[in-house]
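As a plain string of letters, each chain reads:
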Amino acid sequence: MRITDGGRRSAAVFPSAIIHFGALLPLCVLAWRAWRGDLTFNPIQAVIQSSGRTAVHLLLLSLAATPAALLLRMPILTSVRRPLGLYAFAWAALHMFTFAVVDFGLNLPRIASELREKAYLWFGLLAFGLLLSLAITSTRGWQKRLGRRWKILHRTAYFAAALALLHFQASQKAEINMVVVYYAPLLAVLLILRLPTLRKALAARR
Ligand code: HEM
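Residues numbered from 1 in each chain as written. Predicted model: local features only at pLDDT ≥ 70, side-chain atom pairs only at ≥ 80, totals over all residues.

Chemist: Could you clarify how one ought to interpret the overall build of the chain in this entry?
Modeler: In terms of helices and strands, the chain carries nine helices and zero strands. Moving toward the C terminus, one meets the helices and strands of the chain in the order α-α-α-α-α-α-α-α-α. When its C-alpha atoms are laid out on the principal axes, the chain stretches across 55 × 35 × 35 Å. Taking all 206 residues of the chain together, 22% fall into the buried category. (Helix = DSSP H or I, 4+ residues; strand = E, 2+ residues; numbered from the N terminus. Buried ≥ 20, exposed ≤ 12 C-beta atoms within 10 Å, placed from the backbone.)

Here's what the structure looks like:
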């Protein structure tokens, strides 16, 4: 039993090392570009855009972990769902921090007027609220405390992703953009793969 647990643990080290590397690499790239003075003519906007995109990538990857585990028959992949989700939240927090503190100097009247002017910010705010509640309740303790309600709450990760994509889409000038072409179809596929019948069929494959 001990050997099996140890084997499982060391098998889990590999995907989690990749997750930490992949989720922190964009931070190193940002720091490197900032150090070289290569963050475009508007560095704050560059950080907001880069952190927002990284948050979306990590959120979608966290939602893809379970279907990938079923499709590839690699149950170990489900263990990366939580760290990916937490990293998505951390990047969204950096995104919001850059907007509210670095760009707007936490000037609440100015932030409020920006919120009135740009409706898409509300989608981002809602998505952030959901990610915050998912990050807080992601521990084993909360899982036990909430029981069956925990699963229901954590399904709202799909809703958070949809809100983040709406926010992303509405912030773009071009009508045909990355959200329409890549991200929204990907989220739709992930949602379809969650359908109970499809999920059961995938899990029953031998
Ligand atoms: C209170 C919460 C949020 C605020 C105030 C906020 C603010 C902003 C602002 C001002 C922009 C426009 C940047 C520009 O092009 O000048 C933006 C774009 C974006 N946001 Fe947010 N955001 C929030 C939440 C989120 C969340 C939770 C996510 C993802 C999980 C996200 C992802 C994005 C993405 C992907 C873009 C587009 C970046 C690009 O054009 O490349 N945002 N956000």
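There is more to say after this.
Chemist: Looking at this structure, I do not really get the site of the ligand. What am I missing?
Modeler: Every one of the 22 residues lining the ligand counts as a neighbour, but Gln49, Gly52, Ala55, Gly124 and Ala164 are closest to it. Taken together, the elements giving at least two residues each to the shell around the ligand come down to helix 2 (43-71), helix 3 (81-103), helix 5 (120-136) and helix 7 (148-171). Here the shell around the ligand gets eight residues from one element, more than from any other, and that element is helix 2. Of the residues belonging to the shell around the ligand, the class tally is 14 nonpolar, seven polar and one charged. (Near = placed C-beta within 6 Å. Nonpolar A, V, L, I, M, F, W, Y, C, P; charged D, E, K, R; others polar.)

Chemist: Help me out: how do you make sense of the nonpolar core in this one?
Modeler: Membership of the largest hydrophobic core comes to 31 residues, with the highest contact counts inside it found for Leu58, Leu59, Ala88, Leu131, Ala160 and Ala164. Within the residue set of this core, elements represented by two or more residues are helix 1 (2-35), helix 2, helix 3, helix 5, helix 7 and helix 8 (178-193). Not counting chain neighbours up to four residues away, the residues in contact with leucine 58 comprise Ala23, Leu84, Tyr87, Ala88 and Trp91. (Core = buried A, V, L, I, M, F, W, Y, C linked by C-beta atoms within 7 Å. Contact = placed C-beta atoms within 7 Å.)

Chemist: Help me understand the packing of helix 2 against helix 7 in this model?
Modeler: Angle between the axes and distance between the axes are the two parameters that describe a pair of packed helices. Put simply, helix 2 and helix 7 touch, their axes get as near as 10 Å, and they point 150 degrees apart. In terms of orientation, helix 2 lies roughly antiparallel with respect to helix 7. Considering how the two elements wind past one another, helix 2 and helix 7 form a crossing that is left-handed. Counting all contacts with helix 2, which are made through Gly52, Val56, Leu59, Leu60 and Leu63, the residues of helix 7 involved are Ala157, Tyr158, Ala160, Ala161, Ala164 and Phe168. A breakdown of the residues in the contact of helix 2 with helix 7 according to their chemical character gives 10 nonpolar, one polar and no charged. (Axes fitted to C-alpha atoms, helices over the stretch in contact; angles between N-to-C directions. Parallel < 35°, antiparallel > 145°, perpendicular 65-115°, else oblique. Left-handed = near helix turned anticlockwise from the far one by under 90°.)

Chemist: Is there a simple way to think about the environment of alanine 170 in this case?
Modeler: On the secondary structure map, alanine 170 appears in helix 7. A tally of 15 C-beta atoms within 10 Å means that alanine 170 is categorised as partly exposed. For the pair alanine 170 and proline 75, spaced 95 residues apart in sequence, the C-alpha separation works out to 36 Å. Those residues in contact with alanine 170, other than ones at most four positions away along the chain, are Tyr120 and Phe123.

Chemist: What's the story with helix 3 in this structure? I'm lost.
Modeler: Between its terminal C-alpha atoms helix 3 stretches 32 Å, which fits the 33 Å expected from 23 residues at 1.5 Å a residue. A maximum bend of about 30 degrees is found in helix 3 at phenylalanine 97. Those residues of helix 3 that sit buried are Arg81, Leu84, Gly85, Tyr87, Ala88, Phe89, Trp91, Ala92, Leu94, His95, Thr98 and Phe99. Where helix 3 ends, the next residue or the one after it, glycine 105, has phi of about 50 degrees, a positive value. (Expected span 1.5 Å × (residues − 1). Bend = angle between axes of the 7 residues up to and from the residue.)

Limitation: the analysis is restricted to geometry and does not speak to function.
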